[in-house]
Amino acid sequence: MGLHSGAEVTLRILPAHAGTGIVFRRSDLDGFEVEAISRNVARVSYATSLMKKGVLISTTEHLLSAFIGCGIDNAIVELDNLELPILDGSARPFVEAIRRAGIRQQRRPRTYLRMRRELGLREGDKSIAIYPADSYSVSYTINFPHPLIGKETFCVDLSDGNYLRQIAAARTFGSRQDEKTMRNMGLIRGASRENCIVLTKDGIENPPLRFSDEFVRHKVLDLIGDLALLGKRILGNVVADRAGHAMHTALVSRILRDHTLWEETTVDEENEPAPLAMRAAAHQPV
Ligand SMILES: [Zn+2]
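A few points on the structure. (Residues numbered from 1 in each chain as written. Predicted model: local features only at pLDDT ≥ 70, side-chain atom pairs only at ≥ 80, totals over all residues. Heavy atoms only, no water.)

Between two packed helices, both the angle of their axes relative to each other and the distance between the axes serve to describe the pair. Running from N to C, helix α1 (residues 61-70) and helix α2 (residues 92-101) point in directions that differ by 50°, and their axes come no closer than 9 Å. The angle between α1 and α2 falls in the class oblique. The two elements α1 and α2 meet at a crossing, and its hand is right-handed. Facing His 62, Leu 63, Ala 66, Phe 67 and Cys 70 of α1, the residues of α2 in contact are Phe 94, Val 95 and Ile 98. Looking at side-chain class alone, the contact of α1 with α2 contains seven nonpolar, one polar and no charged residues. (Axes fitted to C-alpha atoms, helices over the stretch in contact; angles between N-to-C directions. Helix = DSSP H or I, 4+ residues; strand = E, 2+ residues; numbered from the N terminus. Parallel < 35°, antiparallel > 145°, perpendicular 65-115°, else oblique. Left-handed = near helix turned anticlockwise from the far one by under 90°. Contact = heavy atoms within 4.5 Å. Nonpolar A, V, L, I, M, F, W, Y, C, P; charged D, E, K, R; others polar.)

Structure representation (structure tokens):
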């Protein structure tokens, strides 16, 4: 079920040739395809949605995040409705399904987008920036007025299976207090205790948390999914403070607009990190 629309949906992930990237396909609309790239970003508020010629693909961030975490560059994502399923509110069910299906290494070398200079965006007390680095790392700070959250920062280098161990399972969250307004606005028709952490005034309704700082980890998960719309793997360090989908996707379009900020590069086979899922498999048998 889609979190925002409440629409029931069936999703299949299919293999794709090298160079395809991630492409969504609406099986209910004659197989109309929408590429997971910045140019197709439509509205961005509580979730990130893509639109092409009026065809919507909503709430793309958790699956795109799982693809980055599993080392998937090419796939066709077929769905028969307008929104991706929310499942348990994290990326873990996607990751598990991908690992069960198996991952094939393709011959064409992977292209990376390597930052050469930094770029930052600020909006009031929110900010997001990306700095040159030899790997992909993220640092996120949130400041949420709730006794279980407050100010939390989480930093992670997305190599060595860290995504699978530290990020994939972090669930989305919402507060009981905002529920009525959001339901009336039609924004959370599919929300339930099974697919998000429900915050009450001073606790949560559906314990236990999967991590004591699960909230900020979920923001990292979302950020990784939104930055996947660059269409290439990133070599850079991203630092975000109270940002959200709108700022994440604004950073993506600003990066793509200025070609002097980055270069495309392929990493030498010898030194190329193994796909994350394969590496993680060595430590964490499924
Ligand atoms: Zn999310």
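This next bit is on the sheet that holds strand β6 (residues 55-57). On the basis of which strands lie adjacent, the open sheet formed by three strands has the order β4-β5-β6 and antiparallel pairing. Each edge of the open sheet is held by one strand with a lone partner, namely β4 (41-44) and β6. Sheet twist, expressed as the mean angle between neighbouring strand axes with direction ignored, is 30°. Judged from the three bridges that link them, strand β5 (residues 48-52) and β6 form a sheet pairing that is antiparallel. Across the sheet, residue Lys 52 finds its bridge partner in β6, namely Val 55. Taken strand by strand, helix α6 (residues 245-257) contacts β4 and β5, and its axis lies near 155° from that of β4. (Pairing = 2+ DSSP bridges.)

Our focus in this paragraph is the environment of Gly 21. Relative to the helices and strands, Gly 21 is located in the loop between β1 (11-15) and β2 (22-26). Sequence-wise, Gly 21 and Ala 75 are 54 residues apart; in three dimensions their C-alpha atoms are separated by 6.4 Å. Excluding residues within four positions of it along the chain, Gly 21 makes contact with Asp 73, Asn 74 and Ala 75.

Attention now moves to the nonpolar core. Judged by nonpolar contacts, the single largest core of 64 residues is most densely connected at Phe 24, Phe 67, Ile 128, Tyr 136, Val 138, Tyr 163 and Ile 255. Not counting the four nearest positions on each side in its chain, Tyr 163 is found in contact with Ser 65, Ala 66, Gly 69, Ala 91, Val 95, Leu 158, Ala 168, Leu 221 and Ile 224. Among the nonpolar cores identified, the runner-up in size contains six residues, and Leu 3, Met 182, Leu 187 and Ile 188 belong to it. (Core = buried A, V, L, I, M, F, W, Y, C linked by side-chain atoms within 4.5 Å. Buried < 20%, exposed > 50% of the residue type's maximum accessible area, 1.4 Å probe, protein only.)

Let us now look at the coordination of the zinc ion. Donor atoms from the polypeptide that coordinate the zinc ion comprise His 62 (NE2), His 218 (NE2), Asp 222 (OD) and Asp 222 (OD), at 2.1 to 2.7 Å from the metal. Of note is the zinc ion, whose four donor atoms meet at the metal with angles of 52 to 148° in an arrangement that counts as irregular. Written as a sequence motif, the donor arrangement for the zinc ion is H-x155-H-x3-D. With His 62 in helix α1 and His 218 in helix α5 (residues 214-227), this pair connects stretches of sequence that are 156 residues apart. We note that His 62, like His 218, is buried. (Donors = N, O, S within 2.8 Å, 3.2 Å for Na, K, Ca; no water. Tetrahedral: all angles 85-135°; square planar, octahedral: opposite > 155°, others 65-115°.)

Take the pairing of strand β8 (residues 111-115) next. As defined by bridge partners, β8 adjoins strand β16 (residues 262-266) across five bridges and the pair is classed as antiparallel. Across the sheet, Arg 114 pairs through a bridge with Glu 263, a residue of β16. Taken together, the three bridges between β8 and strand β15 (residues 233-241) define a ladder with parallel strand orientation. Paired with Tyr 112 across the bridge in β15 is Arg 233.

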